[in-house]
Amino acid sequence: MNLVLPLPLVQALQVLTIALGAPLVTGVIATAEGRLQGRRGPRLLQPYHDLAKLFGKESLAPTASGLFFVVAPFLALGCYLTVPLLIPVLTSYPLPLGDMGDILGGSFILSLGSFVVAVAAAETGDPYAQLGSSRSKTFGAITEPVMLLVVFTVAIVTGTDLPYVLGATVRSGPDQIVRPAHLLVSAALFMVILFETGRIPVEAHGSTTELGMIEEARTFEHSGPFLAALRWGSWVKQLVLFTIFLNVFVAPWGMSASARLGDVTLAMVALLAKALVLGLVIAVIDTSFAKLRLFKITEFVAAAFLLAVLGLFTLYLGGG
Amino acid sequence: MTTALVLLVIVPLAATVACVWLPLRAAQAATLASGLVSLGLVLTLLWAPGQSVEAGWLMVDPLSLVFLLAVGFLYPAVAAYSIGYLADEANAAAAAGPQAQADFERYARRFSLGLNAFAWAMLCAPAVNGLALLWVAIEVTTVISALLVAIDATDGATEAAWKYVLIASSGLGIGLLATVFMYYAGAQVLGQSYDLAFAPLLQHAAQLPATPVRLAFVLAVLGFGTKVGLFPVHTWLPDAHSEAPSPVSALLSGALLVVSFYAILRYLQVAQLTLGAQFPHDVLLIFGVASLALAALYLLDQRDLKRLLAYSSVEHMGILAIGVGFGAPMAAAGVLLHVLGHAAAKGNAFMGAGVLVRRFGTKDLHRLRGGLDALRWTGPLLLLAVLALSGMPPFALFRSEFQIVVGGFTTSAWAAAALVGLVVIAFAGLAGSITSVLFRPRVAADDQDEVAAMSRAGSGWMLAPVIAGVVVLIVLGVHPPAVLSDLLARGAAELTGGQ
Amino acid sequence: MTDVTQSVPGLYDGVASSIAVVVLLLEFLMLRAAMLRAQVRLYAVQSFAVSLLAVAVAYGRDVPELYVLAALSFLLKAVAVPAVLLRLMRNADAEIAGSGVLGVASEVLVSIVVAGVGFFLVGQLGIESDVLPSAALSLSVAVVLVAFVLMIMRRDVVSQAVGFFSLENGVSLASLVVAAGMPLILEVAFLFDLLVAVVVFGVLMRLHHARTQSLSTEMLTRLRG
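Residues numbered from 1 in each chain as written. Chains lettered and ligands numbered in written order. Predicted model: local features only at pLDDT ≥ 70, side-chain atom pairs only at ≥ 80, totals over all residues. Heavy atoms only, no water.

**Structural notes on the overall build of chain A**
Stage number 1. Across its full length, chain A carries 11 helices and 0 strands.
Stage number 2. Taken from the N to the C terminus, the helices and strands of chain A come in the order α-α-α-α-α-α-α-α-α-α-α.
Stage number 3. In terms of C-alpha radius of gyration, chain A reaches 19 Å, essentially the compact-globule figure of 20 Å for 320 residues.
Stage number 4. Projected onto its principal axes, the C-alpha coordinates of chain A cover approximately 55 × 50 × 40 Å.
Stage number 5. Per-residue burial over chain A gives 57% buried out of 320 residues.
Stage number 6. Within chain A, contacts between residues separated by at least 24 positions form 81% of all contacts whose residues are at least 6 apart in sequence.
Stage number 7. Summed over its atoms, the accessible surface of chain A is roughly 12500 Å², and 71% of this surface lies on carbon and sulfur atoms.
Stage number 8. Averaging the locations of the 19 positively and 19 negatively charged side chains of chain A gives two centres separated by 8 Å. (Helix = DSSP H or I, 4+ residues; strand = E, 2+ residues; numbered from the N terminus. Rg over C-alpha atoms; globule rule 2.2 N^0.38 Å. Buried < 20%, exposed > 50% of the residue type's maximum accessible area, 1.4 Å probe, protein only. Contact = heavy atoms within 4.5 Å. Areas by Shrake-Rupley, 256 points an atom, 1.4 Å probe, with all protein chains shown as cover. Lys, Arg positive; Asp, Glu negative; His and termini not counted. Charge placed at Lys NZ, Arg CZ, Asp CG, Glu CD.)

**Re helix H6 (residues 163–171) of chain A**
Residues spaced three or four apart along an α-helix point in a common direction, a consequence of the helix completing one turn every 3.6 residues.
Stage number 1. Counting buried positions along H6(A) gives 8 out of 9 residues, so the element sits mostly inside the fold.
Stage number 2. For H6(A), the complete set of buried residues consists of A:Pro163, A:Tyr164, A:Val165, A:Leu166, A:Gly167, A:Ala168, A:Thr169 and A:Val170.

**Observations concerning the interface of chain A and chain C**
Stage number 1. Listed as interface residues are 30 residues of chain A and, on the opposing side, 33 residues of chain C.
Stage number 2. Approximately 2500 Å² of surface area, both sides summed, lies buried where chain A meets chain C, with 73% of it carried by carbon and sulfur atoms.
Stage number 3. Counting the contacts that link chain A with chain C gives 1 salt bridge.
Stage number 4. At the junction of chain A with chain C, the criterion picks out 2 residue pairs in polar contact (both at pLDDT 80 or more).
Stage number 5. Elements represented by at least two residues in the side of chain A that touches chain C include exactly helix H5 (127–158), H6, helix H7 (174–177), helix H8 (180–196) and helix H11 (297–316) of chain A.
Stage number 6. Among the elements that make up the side of chain A that touches chain C, the one with the highest residue count is H11(A) (10 residues).
Stage number 7. The class makeup of the residues in the side of chain A that touches chain C is 19 nonpolar, 8 polar and 3 charged. (Buried area = accessible area lost by both parts, 1.4 Å probe. Salt bridge = Lys/Arg side-chain N within 4 Å of Asp/Glu carboxyl O. Polar contact = N/O pair within 3.5 Å; in protein donor to acceptor, adjacent residues only side chain to side chain. Nonpolar A, V, L, I, M, F, W, Y, C, P; charged D, E, K, R; others polar.)

**Details of the arrangement of the chains**
Stage number 1. For this structure, the chain pair with the highest number of contacts among 2 pairs of chains in contact is chains B and C.
Stage number 2. Taking C-alpha atoms as the reference, chain A and chain B come no closer than 17 Å and do not contact one another.

**Quick word on the interface of chain C and chain B**
Stage number 1. With 44 residues of chain C in contact, the opposing surface of chain B contributes 47 residues.
Stage number 2. Carbon and sulfur atoms supply 76% of the area that chain C and chain B bury against each other, a total of about 4000 Å² over both sides.
Stage number 3. In this structure, the connection of chain C to chain B is made through 1 salt bridge.
Stage number 4. For C:Arg211, the salt bridge is made with B:Asp155, and the minimal N-O distance between the two is 2.9 Å.
Stage number 5. Mapped by element, the contributors of at least two residues to the side of chain C that touches chain B are helix H5 (134–153), helix H6 (157–178) and helix H7 (184–212) of chain C.
Stage number 6. Per element, the largest residue contribution to the side of chain C that touches chain B is 15 residues, and it comes from H7(C).
Stage number 7. Residues belonging to the side of chain C that touches chain B are distributed by class as follows: 31 nonpolar, 8 polar and 5 charged.

**With respect to the domain arrangement of chain B**
Residues and elements named next belong to chain B.
Stage number 1. Each domain of chain B was delimited in the assignment, giving domain 1 (1–127), domain 2 (130–276) and domain 3 (278–499).
Stage number 2. Put simply, the middle of domain 1 and the middle of domain 2, counted by C-alpha atoms, are 22 Å apart.
Stage number 3. With 26 residues of domain 1 at the interface, the matching set in domain 2 holds 30 residues.
Stage number 4. For the domain 1 and domain 2 pair, buried surface summed over both sides reaches about 2300 Å², with 85% attributable to carbon and sulfur atoms.
Stage number 5. The closest approach of N and O atoms between Arg266 and Asp61, which form a salt bridge, is 2.9 Å.
Stage number 6. Counting every contact that joins domain 1 to domain 2 gives 3 residue pairs in polar contact (both at pLDDT 80 or more).
Stage number 7. Of all the secondary-structure elements, those providing two or more residues to the side of domain 1 that touches domain 2 are helix H3 (62–96) and helix H4 (98–127).
Stage number 8. Of the residues forming the side of domain 1 that touches domain 2, the biggest block, 13 residues, is contributed by H4.
Stage number 9. Of the residues contributing to the side of domain 1 that touches domain 2, the split by class is 21 nonpolar, 3 polar and 2 charged. (Domains from an automatic or database assignment.)

Shown next, in the form of structure tokens:
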């Protein structure tokens, strides 16, 4: 267990952990939700079965669609899987490629992924898919400033916007955690995550009513391996966001400080455990609140914006 | 002298409590007695030796004594006036049956109760020692007077009372913020845990940190200015003054506004020692000129008699602010005299207007006609009150405005010129409206519906305080007694930092 | 890793400012809350937060008087005042929801701007307190300003009254920052004053409801000019 892994391997493990752990987190949330609602819910490993099944099916594309429709799901998945290279997934120290991009870069790559999906959906000519992509871009335009404010606040707190540094700052003592700026920004980020992952109160996850859909509607025309790639991509995106939230903002503990195999393995387990706890919290939120009317979503985002702005205010003008 | 001071806050309170139990007539007598005793006590304090009288939380010096005089004069005047004011309604209620009579009893009792409590709070405000207690007393005046404004329970009264209590309380919230910042400033020198009493604060005012004091002063002008009726936070004032029963309007305008102004003066005292005179004076000049300009414009085109008088109050508060803003000792003495003159004149005007409104059953200036013929006594007296308010000699307000303007030309000529110009406009508006009410003959068509109202008689109770007011106005205008001139001079010296 | 550009506030400061932030957030929630009852409850929670901050100051800065103040203000503002208001609303079973001049999102945006101005101005003043971090002062001024927005934007007597009471909470917060040492007797006098104001607000609200059969202030437009 004292085998020291080469750093590129650790970096690859970061990506692998996210890629392979993502379906599990999704499965746990779905199961927990089922239990909370008095159902038995799907099996924990159901998402893996789904993926396997979808990859084995034939795929159909609308006649109007072009090459981009086919490429987009994999492009998006690729985008989402690039981000784990940049953020602290397993290690508390920056890995060789970790300084390729900061938080801003990470969130740009995430946005690029969802942009690709939206364009592909728009290309199909299907009204529901287009509705989903236009909605997700409309609301995305409001969540983007929130994300930016979060990044700015982090930048002011740490003097840099490298996610590793913020994690280290938070670990440095309880006085860094109870800073109002940190709490507010974390709360704002959490709300953005709820929005980005299509959870209540923004969107009913896995619902079948097209009129309330945002993210889900975009995948209507895809099938087979393309659909699998899209699904997988959205799960990966979810776990990436969870990881940023946990390992950078809220709970940057249990990460490996070395490249030893034992530590890294432990970090994998810790990450999945933290993500599962967060998933349970989200499952509880999912079942205890009602979905907002579509036009009320701006209010939800306005609230997140408010939190982020206040965070910036307290920090920049109030010294808090 | 200490006894007199303590009695001054006990007597009206006792009268308030007594009004809960006593039968109506006795309650009214107690109110009047308490008013006269209070006036006597204030007059006794006039002859107190030394600069100030202190008793525990209470403290009276020349500055606060001026404001006590204003309240102390209006309290018995309004108490007497309301006996006559309620007598009218008593007759009407007696005619309407036992139910109406019982309703009236309850109304009249609440009225006397409120009157005493209101006067008590207003006597407390200048008598307490310290900015914190001053705020408390002024907030109490707000809530009590809001109930008095609403006491008629008409639609208009309800609306006016709600606006009043909301706007004035919010303003006082800002005033509380001012108190807190002043405390902070004082704590830097006097240490934590002191009680914001005036003397130590003034003594160390020069060492206080400038920023918090500046903040506290601006917040105080804005916050307490809400209750003074300074532009732009005067919006509640015309509503409350016009919808309240006339005796309450007289107290609101003559006493309540200036008591809040007193609070601003206390902040000014500290601020000009800490910051120098320039900044606080400029602030007051700006607020004063703005209020005066607004009031002058509204006076020109006003349809409602009591709103007319209310805007005249805004005008006079503007004059007070400008006068203090001049900073000259002569202007300051003029301001203090103006406080007394305004109390007497505006009290008279509202009490006279109350009779007029009763007799004609309307406040609409276009329907009030021929007042001089209809009201043999009140008509001329109202005319005198309006002339006094317009600053005509030989009344007190002429003397005070003259002092203010003369003082002003030595320090801030532009503001003094603006003052004169705007006062002339205000005079045109006020005098124009009132003379048409009094002199223009009645239109025949209007007579029919007002004959019934005409039959009610104005009583001696409603006349006596108005006559007393005229006497005071003339005495103060022609030759103020030596003791009063001395008081005003000492108060002005206090206000201008003893220059 | 520790190139921290700003001086890090201590743990106590962090807790205190966080509570102050909660007070401001509750003010924003009041602005958002459509249900009048919810608004009153939010006010109760806000008062509780202010009392909590008083306890924190009493403990952290060793000002034992503040324990008494915290207890009194909790009893009065978090229990008595909301109870009175809720009782009034039970008797006046008219509307349950108030209405605003603007939509909620715009109201929040306006308030953000207003609060930002407050933050900026207080930051410019450079008032330092040795009791609480200066962020708390900025926050309290922001609470006061947002309370004004609430009173101006909402069109019903309950919201306006709650706006005024929460304004007072903002001032209490400010007084904890800059005047924590104020003698207890004065603080109690302030609280007593608030109680009187609540009673009068209550009486006028009932009168208003009796006259108009409604809690809305839309029809209060008779008096102008």
